[in-house]
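Listed below are the residues making up each chain.
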Amino acid sequence: MQGRADFHHDIKKFFRAAEYLTVAQIFLQDNYLLERPLEYRDIKPRLLGHFGSTPGIIKAYAHLSALIKRTGQDMMFVLGPGHGYPGLQAALFLEGSLQKVDPKATLDVAGVEYLCKQFSWPYGYPSHSSPLTPGAILEGGELGYCLSTAYGSVLDNPDLVTACLIGDGEAETASLLAALNLGKLVSPKHNGVVLPILHLNGYKISAPTIYGRMSDKELIDLFTGFGYDPVIVNEGEEPGFDEQMAAALDKAMETIRSIKQSPEDGFFRTPFIVMRTLKGETGPKELNGEKIEGNYLSHQVILTEAKTDKNQLAMLEKWLKSYKFDELFDKQVGFGDFINAVMPEPKKRMGQSKHASQEPEKLKLPALSGDPKFRVGEPSSLAMNSVGKYLRDVFKGNPQTFRFFCPDETSSNKLDAVYEATNRAWLKPLKSWDKFMSPDGRVIEMLSENTLQGLLQGYVLTGRHGVMSSYEAFMPIVTSMVDQYSKFLAQAIKIDWRPDLPSINYVLTSTGWRQDHNGFSHQNPGFISDMLLRPNNLVNVLLPLDDNSALVATEFALSAENCINIITAGKTPEGRYLSLDQARFQLLNGGAMIFDFVSDEKPHVVLAGAGDYVSKEALAAVEIVRQEAPQVRLRFVSVSAFSYGAIGTSKIKLTKARFDDIFTLDKPIVFTFHGYPSTMKQILFNYTTPERLDIHGYNEHGSTTTPFDMQVRSETDRYHLAISIFERAAEQGIIGTEELSGLADRYAAKLAWHQDYIKQHGDDTPEIKEWTWKKPTA
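Residues numbered from 1 in each chain as written. Predicted model: local features only at pLDDT ≥ 70, side-chain atom pairs only at ≥ 80, totals over all residues. Heavy atoms only, no water.

**Things to note about the sheet that holds strand β18 (residues 592-594)**
Strand order in the open sheet formed by five strands is β18-β20-β19-β23-β24, and the pairing between neighbours is mixed. Each edge of the sheet is formed by a strand with only one pairing partner; in this case those strands are β18 and β24 (693-696). Within this sheet the neighbouring strands show an average axis-to-axis angle of 20°, counted without direction. Pairing between strand β23 (residues 669-673) and β24: four bridges, direction parallel. (Pairing = 2+ DSSP bridges. Helix = DSSP H or I, 4+ residues; strand = E, 2+ residues; numbered from the N terminus. Axes fitted to C-alpha atoms, helices over the stretch in contact; angles between N-to-C directions.)

Shown next as structure tokens:
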């Protein structure tokens, strides 16, 4: 049995070895073992990396590893400040996990040289944690969502503890603060447990951190208020850091085990460690009269002129020699026994966590069946009701591998059928009138889109499946997070040891076209625009036309791998245009389909609709053109999917040849789109020339108004579309100049009359409200 004195001695050896390798990674391109005096040529040409937080990261990682060795606990490690990666990579190298995924990272001279040379080196290791990092599920470049990601990893993993190291600068972010509330929603009995470790080294890049200047009492009061059981580990106090940290982790495990064994259910205070260490510990104390160790100046590269300044070169050599690496590593035998004295058995090491690399279980998806009350051509189907019922059945078939996340709008978004299969997760007291809430609920509602995004990422990156729903206008809150995830995914799918990942899925509803009651602030289709800019070709934007199309889109999304799916549809009763088979054919054949039942042979003008509400107006425009100018031959095209630069999904794009078949080679195209017209231009310009196109879409002229007036303000209404068709037909001589002038005047007058009516009565005209689409008889 290893004694406490020996244990702490081995921890200190591990720390020295890892810190030496950290500094060597940042600075050295040769002479890695200091077998001769350092020279300028030994220093990398570009010094990239962050040193200041690495001492604390290494200490936390070593002590967590020792805890696993003592207890056998299954544990993951999530690093919030990903810029501290040289420290984490040094630890992963020493524990042998890096070699498992990169055979060149051997625990010998060649491996040390390879590790140091390749860090922050072109085509080598990046400066931050990444999908190349064994055990990692977070890049950590954009700070704030390590804690929510960690909580996502423990959902439905009851035997897992995820240690989450939070930087004290990161702790100032809104995302991190919101995620601190997850202990009130995620049951530590039904799920695993997150062990937050707030790393207080006192400084961010150029100033003190707020938390670093708070007193111990303030910190204890704060995190107790958030629902945790905090303990503070203070560097420089007696007993020493290693003794304090080991005791704090032992106490944490005792608390976790007592929770797991408790006959009670509900809210428990889980452990929270505040770890104070010296920023830049073991580095230079001063440089050019400025304090370095224990100050923000140690945050990044300290000796930035070591390649050209002899004094800084000498300081670097002294710094590296201070770790006495030659006592820890021998060229012939490698590292000493201290590594195995600290580390658990290989399969328990955090860099080899099965949760970061196991093959996900496929979802058992229910067979599709449309609402039998409505037939194709009838006016009252409701897309979100159908999606909610489908998700309810997904829950029933997958009780441990599927979750649903939503700010607070599940019922508002007409998806509340999920509550027939599960509840909302909730651990705090309940009132007699509360509904659908329990500790084991599998729907997580919290009014923080960032927190839900982190949960979803953590859940999916550990091999499970999920859907997040939101009002369309507020999904841009997480645009940057989704962008960061797409970068992680784009790299992960190229790495052999990373498994194929379940798709990340979004259902956006309460769309801007029917946010006439909430007004301008709730009208924003920008999320799909931003996601369609991503050239990694991992994003599918699905715009189902009706309830059957929405069901097919949901089935497609939940079946997909290695992608991001965004389903956007309304929640009001609308017409049913397609059977399930037709909707599936459309989606799986390039996303575009001619509606033969409202189209003519050899059309003069092609009218296309992408999105439910704008397509309804487009079909109304078809009726107008038929009545007013029957000589104009029209073709109506429904478009249900987009990906980067293309119509169709990322795997099945509409080809140029197929586009020409559907949209003709040269006829004008009037295209009405759910989102911003500029988004559609960047796609359609890949298929045809701008002069053929007349693109309508949301143009940021919203307000609190009526549904039809929303369309009028963006010129996506039936009258503006009809006028566009008349104009395009007149260009070909199908409509005469006088006839065009008359039609334009008539429908301009109709628009003015409708707007006057709306101003006077506060509602749309009966003519507009009562219009429904009915499929023409064949």
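Next comes the rest of the description.
**Looking at helix α16 (residues 547-559)**
Structurally, the α-helix is built with 3.6 residues per turn, so residues lying three or four positions apart point the same way. The end-to-end C-alpha separation of α16 is 18 Å, in line with the 18 Å expected for 13 residues at 1.5 Å each. Of all 13 residues in α16, twelve are buried, a share of seventy percent or more. Those residues of α16 that fall on the buried side of the exposure criterion are Asp547, Asn548, Ser549, Ala550, Leu551, Val552, Ala553, Thr554, Glu555, Phe556, Ala557 and Leu558. Regarding α16, its N-cap is Asp546, as a side-chain oxygen of that residue lies 3.3 Å from the backbone nitrogen of Asn548 further along. (Expected span 1.5 Å × (residues − 1). Buried < 20%, exposed > 50% of the residue type's maximum accessible area, 1.4 Å probe, protein only. Polar contact = N/O pair within 3.5 Å; in protein donor to acceptor, adjacent residues only side chain to side chain.)

**Quick word on the packing of helix α22 (residues 718-731) against helix α23 (residues 737-761)**
Relative to each other, α22 and α23 sit at 170°, their axes nearing to 10 Å. For the element pair α22 / α23, the angle class is roughly antiparallel. From α22, Tyr719, His720, Ile723, Phe726, Glu727 and Ala730 reach across to α23, where they touch Leu740, Leu743, Ala744, Tyr747, Ala748, Lys750, Leu751 and His754. The residue inventory of the contact of α22 with α23, partitioned by class, reads ten nonpolar, two polar and two charged. (Parallel < 35°, antiparallel > 145°, perpendicular 65-115°, else oblique. Contact = heavy atoms within 4.5 Å. Nonpolar A, V, L, I, M, F, W, Y, C, P; charged D, E, K, R; others polar.)

**As for the packing of aromatic side chains**
Per the stated rule, a full pass over the model turns up 30 aromatic pairs. Between Tyr419 and Phe436, the ring centres sit 4.7 Å apart and the planes meet at 10°, which makes this aromatic pair stacked. Taken together, the residues span a long stretch of sequence, with Tyr419 in the loop between β10 (402-406) and β11 (424-425) and Phe436 in the loop between β11 and β12 (437-438) at a distance of 17 residues. Look at Tyr419 and you get buried, because its relative accessible area is 7%. Measuring from centroid to centroid gives 5.5 Å for Tyr719 and Tyr747, while their planes differ by 40°, and the two rings are tilted. Placement of Tyr719 in helix α22 and of Tyr747 in helix α23 is noted, with a sequence separation of 28 residues between them. Per residue, the accessibility class of Tyr719 equals that of Tyr747, and both read buried. By the ring-pair criterion, three or more aromatic residues cluster together here, those being Tyr20, Phe93, Phe325, Phe329, Phe335 and Phe338. Lying over the aromatic face of Phe15, Lys59 brings its terminal NZ or CZ to 5.2 Å of the ring centre. (Phe/Tyr/Trp six-rings, centres within 6.5 Å; stacked < 30°, edge-to-face > 60°. Lys NZ or Arg CZ within 6 Å of the ring centre and 35° of its normal.)

**Things to note about the environment of Asn191**
By secondary structure assignment, the location of Asn191 is in the loop between α7 (174-179) and β3 (193-200). Taking the C-alpha atoms as reference points, Asn191 and Asn157, separated by 34 residues in sequence, lie 5.3 Å from one another. Within the structure, Asn191 has its side chain in polar contact with the side chain of Arg403 (distance 3.1 Å).

**Remarks on the nonpolar core**
Leu147, Tyr506, Ile566, Phe642, Ile647, Phe663 and Phe671 are the most contacted members of the largest nonpolar core, which totals 91 residues. Among the elements that take part in this core, helix α14 (residues 479-492) stands out by supplying seven residues, more than any other. Among residues more than four places away in sequence, those in contact with Tyr506 are Gln453, Leu456, Met468, Met475, Val482, Phe527, Ile564, Asn565, Ile566 and Ile567. Counting residues in each nonpolar core, the second largest holds 84 residues, with Phe51, Leu165, Leu249 and Ile339 among its members. (Core = buried A, V, L, I, M, F, W, Y, C linked by side-chain atoms within 4.5 Å.)

**Some words on the sheet that holds strand β2 (residues 160-167)**
An order of β1-β2-β3-β5-β4 is seen for the five strands of this open sheet, with the pairing classed as parallel. Lying at the two open borders of the sheet, with one neighbouring strand each, are β1 (74-79) and β4 (228-234). Taking the axes of each pair of neighbouring strands and ignoring which way they run, one obtains an average angle of 20° across the sheet. Note that β2 and β3 share seven bridges and pair parallel. Residue pairing across strands places Thr162 opposite Val194, the latter belonging to β3. In the packing of helix α2 (residues 54-71) onto the sheet, contacts are made with β1, β2, β3 and β5 (270-276), and the angle to β1 comes to roughly 170°.

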